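# Examination of the molecular architecture
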Amino acid sequence: MMHRITVFAVVSVLAAAVSAGAMPAQVAPGGGRPPRPTPPLGAPPNGEAWAWTQLTSRGTQIRYVTTDTTQSCPTVRYTLAGNRNPFRMHRASLPMGAQFPTTVCELVVRLGASDAVLEQSTIHAATVHPGNRQLPLPNWTATTRPRTIGIIGDTGCRVPTAGPVQDCANHQSGWPFPQIATSAVTKSRPDLVIHVGDYLYRDDPGRENDKAANPGCVTLADRASWPCVVADFFRPAETLLATSPIALTRGNHEDCNAAQQGGAGGAWFRYLADDLRDNGSCSRYTTPVAIDAGSLNLISVDSSLADPNDDGTTTTEQKNRYTQQFDAVNHDAQQHPTHDYFVFTHKPLWMVKAAGSTQGNVTWVTHVLDAAVANTSLGRLADNIRLVLSGHIHLYQMVDFNTSRPPQVTVGSSGGEPQDNGPDNTNVPGQPVGTPPQPVTHSITQEGTFGYAVLRDNGGPWDLTFRETTGTVPGQTCTLSTSTMNKQFTCH
C-alpha cells in the first residue's frame with residue numbers, strides 16, 4: 001500500500017485515491033473539484049500536451065499537462081482484471097499567468113492495470129506526447145518488484161545568469177541528457193526510473209544556444225515557466241518517459257524564491273511533486289513520501305534545503321527537522337521488515353569528496369543529514385534500508401561500509417556538466433565517514449563523464465553498474481550482499 005509519511009504518523013490514503021482514480025468516464029468527478037468546462041463545439045485542436053506515468057504515495061498516476069485552450073482533461077482507457085474501460089482524468093489545476101499557461105490533469109491507476117492509452121477523441125491538443133498516446137504502467141505485482149531500475153540525476157542544462165553556459169544544443173558532448181534517456185531505453189530497458197533531483201537549470205534562457213528548439217523558453221522572464229520545464233526535462237526525457245514509470249525527488253534547483261510563490265519551486269509543486277498544487281505556492285520543507293513498487297519500497301526525502309555547511313552542532317534547527325523525517329522513514333521501514341527499502345534524496349548522506357593517504361584525511365557530504373540519522377531513536381537507518389540514492393555532486397560514486405549502514409550511491413552526472421572532482425579511490429577504503437565514524441570498505445568513483453546507473457534484480461541480490469552516455473559500462477558490476485548487518489558490494 002502506497003502512502004505519504006508525516007513526521008508523526010504513517011497515513012494511508014490509497015483507498016481514497018483509488019476510488020477517485022477508478023471513476024468511469026461517464027460519472028462526474030466529486031470531492032469539490034471545480035466544474036469541468038465543456039469544450040466548444042468544433043473548436044480546432046491547439047496547443048501541446050505531455051503525458052507521463054509517475055509513482056506517488058497514492059499509487060501509480062498518469063499525469064497530463066496541456067496548453068490547449070479548452071481547459072479539459074482527456075480520458076484514459078486501460079485493462080484491469082480482464083475488463084477494458086475508459087476513466088476520465090481529474091483536473092488538478094487551471095492556467096495561471098504566463099509561468100503556468102497549462103491545464104494539469106491526473107488519474108490514479110490501480111496496480112495490475114495494463115495497456116493504458118489516451119483516447120484520441122478526448123484530446124484537444126494539436127500535438128500530444130507520447131505520439132502513440134500509450135502510457136507505461138508497472139509490470140510488477142504486489143508481491144514482485146521491478147527487475148531493472150534506471151537512476152538519473154542532475155539532468156538539466158546549466159544556463160546561469162552569469163558565467164559559462166553549457167552547450168545545450170550539443171546532445172553528444174555538451175548536454176547529452178537526451179542521448180542518455182534514449183540509451184537507457186535501448187541498452188537497459190528499465191521497468192522503473194528514479195530521478196534523484198535537479199531538473200531546472202535554465203536561470204537565464206536568453207543565454208542558451210538552443211532557443212530555436214524551445215519556443216516560450218527564450219528570455220530571462222521565461223525561466224521556470226512550463227516551456228522551460230519542457231525544454232529542460234520533458235523534451236529530452238521523452239523516449240524514457242514513454243517507456244517507463246518514474247519516481248521523482250526534489251533537488252535544490254527546484255527551490256523556493258523569497259516570496260515562496262512561483263519560480264522553480266512553484267513549478268515543482270505544480271507539475272512534479274507528489275501532491276500537485278494549483279496556486280503556484282512553494283514550501284521550503286516537505287515530509288517524506290513512501291512509494292511501494294511491489295515488494296520494493298522507495299522513500300523520497302526532500303533534502304533540497306539541507307545546508308552543506310551545517311554540521312548539526314552549531315545550530316540544531318535543520319538537524320531536528322531531518323531527525324523527525326528519518327524517524328518517520330525508519331518507522332515505515334520497520335512496518336515491512338521483509339521488504340527492501342531504498343531512500344532516494346537529492347543531497348548525499350555519505351558521499352566522499354576527497355581523501356588523502358593518511359587516516360582521517362577525508363571530506364564527505366552532507367553532515368547535517370548524517371547528524372539527523374544519528375539523532376533518530378534508532379541512531380541509524382533501519383536494517384532493511386538497503387541503499388541511499390542521491391545526486392547533487394556532479395559525478396558517479398558508490399561507497400559502502402560492510403555494516404548495517406546502507407551503501408551511498410551518488411548519480412549526479414546525467415546532464416548537468418560533470419565538473420565536480422572526486423577522491424583518489426585508492427585512498428578512500430579505511431577512511432572514517434559518518435556518525436559514528438565507520439571505515440569505508442569499497443569506493444568507486446567515475447568523474448568527468450556523463451552517465452547514469454542501473455540496478456538489476458539478480459534473483460535476490462541487486463547488481464549495480466554505471467553506464468556512460470552511450471550505455472557502455474566503463475567499470476565493474478557490483479553485487480549488493482543480502483545481509484542486513486553487513487551491507488557491501490562485491491565488484492567484478
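Residues numbered from 1 in each chain as written. Predicted model: local features only at pLDDT ≥ 70, side-chain atom pairs only at ≥ 80, totals over all residues. Heavy atoms only, no water.

It is worth spelling out the pairing of strand S17 (residues 340–345) at this point. Extensive coverage of S17 is indicated by the burial of six of its six residues. Here S17 shows two buried faces, one formed by Asp340, Phe342 and Phe344 and the other by Tyr341, Val343 and Thr345. Sheet topology note: the strand S16 (residues 296–301)/S17 ladder contains six bridges and is parallel. Following the sheet pairing, Val301 is matched in S17 by Thr345. Regarding topology, helix H6 (residues 317–334) serves as the crossover connection from S16 to the parallel S17, and that connection is right-handed. (Buried < 20%, exposed > 50% of the residue type's maximum accessible area, 1.4 Å probe, protein only. Helix = DSSP H or I, 4+ residues; strand = E, 2+ residues; numbered from the N terminus. Pairing = 2+ DSSP bridges. Right-handed = clockwise from strand over helix to strand, strands pointing away.)

Another aspect to go through is the packing of aromatic side chains. Pairs of aromatic rings are described using the distance from one ring centre to the other and the angle between the two planes. Evaluated as defined, the whole model comprises 14 aromatic pairs. Taken together, a centroid distance of 5.8 Å and an interplanar angle of 75 degrees make the contact between Phe100 and Tyr271 edge-to-face. In this pair, Phe100 is assigned in the loop between strand S7 (90–93) and strand S8 (103–109) and Tyr271 in helix H5 (residues 263–272), connecting sequence segments 171 residues apart. Since its relative accessible area comes to 2%, Phe100 is described here as buried. If you follow Arg202 out to its NZ or CZ, it ends over the ring of Trp175, 5.2 Å from the centre. Sitting over the face of the ring of Trp350, Arg405 holds its NZ or CZ atom 4.8 Å from the ring centroid. (Phe/Tyr/Trp six-rings, centres within 6.5 Å; stacked < 30°, edge-to-face > 60°. Lys NZ or Arg CZ within 6 Å of the ring centre and 35° of its normal.)

Let's shift gears to the environment of Asn384. Its place among the elements puts Asn384 in the loop between helix H7 (367–374) and strand S20 (385–390). Considering only alpha carbons, one finds Asn384 and Arg284, 100 residues apart in sequence, at a separation of 29 Å. Only 3.0 Å separates the side chain of Asn384 from the backbone oxygen of His336, close enough to count as a polar contact. (Polar contact = N/O pair within 3.5 Å; in protein donor to acceptor, adjacent residues only side chain to side chain.)

Turning next to the sheet that holds strand S6 (residues 83–88). Read across the sheet, four strands follow the order S6-S5-S9-S11 without closing on themselves; strand pairing throughout is antiparallel. Each having just a single partner strand, S6 and strand S11 (134–135) make up the two edges of the open sheet. Across two bridges, strand S9 (residues 114–118) lies against S11 in antiparallel orientation. Paired with Val117 across the strands is Gln134, a residue of S11.

For the rest of this paragraph, the subject is the state of the cysteines. This structure, assessed with the given rule, holds five disulfides. Residue Cys73 pairs covalently with Cys105 via a disulfide, S to S 2.1 Å. Taking the torsion about the S-S bond as the criterion, the Cys73 to Cys105 disulfide, at about -85 degrees, is left-handed. With Cys73 in the loop between strand S4 (59–66) and strand S5 (75–80) and Cys105 in strand S8, the pair connects residues that are 32 residues apart, well separated along the chain. For the pair Cys73 and Cys105, a shared accessibility class is recorded, and that class is buried. Between the sulfur atoms of Cys256 and its disulfide mate Cys282 the distance is 2.0 Å. One quick way to see it: the torsion about the S-S bond of Cys256 and Cys282 is about -85 degrees, and its sign makes the bridge left-handed. Residue Cys256 is found in the loop between strand S14 (246–248) and H5, and its partner Cys282 is found in the loop between H5 and strand S15 (289–293); the two are separated by 26 residues along the sequence. Note on accessibility: Cys256 and Cys282 belong to one class, buried. (Disulfide = S-S within 2.5 Å.)

Further remarks concern helix H2 (residues 177–188). Turn by turn, an α-helix covers 3.6 residues, leaving residues three or four places apart pointing in a common direction. In a regular helix each residue adds 1.5 Å, so twelve residues correspond to 16 Å; H2 covers 15 Å between its end C-alpha atoms and thus fits that length. Along H2, the residues classified as buried are Phe177, Pro178, Ile180, Ala181, Ser183, Ala184, Val185 and Ser188. On its buried face, H2 is in contact with strand S12 (148–152), helix H3 (226–234), helix H4 (238–241), strand S26 (451–457) and strand S27 (462–468). A positive phi of about 45 degrees marks Arg189, the residue just after H2. (Expected span 1.5 Å × (residues − 1). Contact = heavy atoms within 4.5 Å.)

Now for unusual backbone geometry. Here the amide bond leading from Val365 into Thr366 is cis, since omega sits at -5 degrees, within 30 degrees of zero. Between Thr435 and the following residue, Pro436, the backbone shows a cis peptide bond with an omega angle of -5 degrees. Structurally, the position occupied by Pro436 is in the loop between strand S23 (432–433) and strand S24 (438–439). Here the phi dihedral of Arg189 falls at roughly 45 degrees; this positive angle occurs in a residue that is not glycine. Looking at the element boundaries, Arg189 is found in the loop between H2 and strand S13 (192–195). Assessed through its relative accessible area of 57%, Arg189 is described here as exposed.

Glancing now at the nonpolar core. Soluble, globular proteins show a tendency: their nonpolar side chains are buried together. Among the nonpolar cores identified, the biggest contains 43 residues, and Trp226, Phe233, Phe234, Tyr271 and Leu272 are the most heavily contacted of them. Secondary structure elements with two or more residues in this core: strand S3 (48–56), H2, H3, H4, S14, H5 and S26. (Core = buried A, V, L, I, M, F, W, Y, C linked by side-chain atoms within 4.5 Å.)

Where H6 contacts H7, the axes come no closer than 8 Å and their chain directions differ by 55 degrees. Accordingly, the angle class assigned to the pair H6 and H7 is oblique. Handedness of the H6/H7 crossing: right-handed. Residues Gln318, Lys319, Tyr322, Thr323 and Phe326 of H6 form the contact with H7, whose own contacting residues are Val368, Leu369, Ala371, Ala372 and Val373. Residues that form the contact of H6 with H7 fall into these classes: seven nonpolar, two polar and one charged. (Axes fitted to C-alpha atoms, helices over the stretch in contact; angles between N-to-C directions. Parallel < 35°, antiparallel > 145°, perpendicular 65-115°, else oblique. Left-handed = near helix turned anticlockwise from the far one by under 90°. Nonpolar A, V, L, I, M, F, W, Y, C, P; charged D, E, K, R; others polar.)

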